[in-house]
Amino acid sequence: MMQERELEFARNAIRSYLQGRPDSADTAEGILQFWICWPDVVPSLSVVLTVLEGMRDACEVERGNVGGRTIWRAAR
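Residues numbered from 1 in each chain as written. Predicted model: local features only at pLDDT ≥ 70, side-chain atom pairs only at ≥ 80, totals over all residues. Heavy atoms only, no water.

Its location among the elements puts Trp38 in the loop between helix H2 (28-35) and helix H3 (45-57). A residue is classified by how much of its surface remains accessible, and Trp38, at 14% relative accessible area, is buried. Sequence separation between Trp38 and Ala10 is 28 residues, and the spatial gap between their C-alpha atoms is 8.4 Å. Here Trp38 is in contact with Glu6, Phe9, Ala10, Leu32, Pro43, Val47 and Val48, once residues within four sequence places are set aside. (Helix = DSSP H or I, 4+ residues; strand = E, 2+ residues; numbered from the N terminus. Buried < 20%, exposed > 50% of the residue type's maximum accessible area, 1.4 Å probe, protein only. Contact = heavy atoms within 4.5 Å.)

Now for the packing of aromatic side chains. Throughout the structure, instances matching the rule amount to two aromatic pairs. Where Phe9 meets Trp38, the ring centres are 5.5 Å apart and the plane angle is 35°; that geometry is what we call tilted. A residue pair is termed long-range when its members are at least 10 positions apart, and Phe9 in helix H1 (residues 4-20) and Trp38 in the loop between H2 and H3 qualify at 29 residues. Ring centres of Tyr17 and Trp35 lie 4.3 Å apart, and the angle between their planes is 10°; this geometry places the pair in the stacked category. In this pair, Tyr17 is assigned in helix H1 and Trp35 in helix H2, connecting sequence segments 18 residues apart. Like Tyr17, the residue Trp35 is buried in the burial classification. (Phe/Tyr/Trp six-rings, centres within 6.5 Å; stacked < 30°, edge-to-face > 60°.)

With that out of the way, let us pick up the pairing of strand E3 (residues 69-74). Two elements, strand E1 (residues 25-26) and E3, share two bridges in a ladder whose sense is antiparallel. What sits directly across from Ala25, in E3, is Arg73. With six bridges joining them, strand E2 (residues 61-66) and E3 adopt antiparallel strand pairing. Residue pairing for E3: Val66 is matched across the bridge by Arg69. Following E2, the chain reverses through two residues before pairing antiparallel with E3; Gly67 in that reversal takes a positive phi of roughly 60°. (Pairing = 2+ DSSP bridges.)

This next bit is on the side chain of Glu6. As for its placement among the helices and strands, Glu6 is situated in helix H1. An unpaired buried charge is present at Glu6: no salt bridge exists, and Arg5, the closest side chain of opposite charge, is 5.4 Å distant. (Lys, Arg positive; Asp, Glu negative; His and termini not counted. Salt bridge = Lys/Arg side-chain N within 4 Å of Asp/Glu carboxyl O.)

Written as C-alpha cells, this is what we have:
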C-alpha cells in the first residue's frame, strides 16, 4: 500500500525538478531513479506512476510516446 508521505514527497520532488529544468522529459523509471532523491528505500514504480497520473489530471505534466516508450514532461 502506498504511503501518502511517499506520494507527497514524489509530487514535490517532480515539481521542483521541473521548475529547475522545464525542458526535461523522461520515462517513469527514469523519473523514479534520477529526478527524485529518496531519503530511504526507493519505493515501487507505482508510486511515481500514481503521482504522474494525478499531475497529468491537474494539467501539470503530459505524456507522449517516443520510440515506443512513454515519456513524461511538463505540460506545454
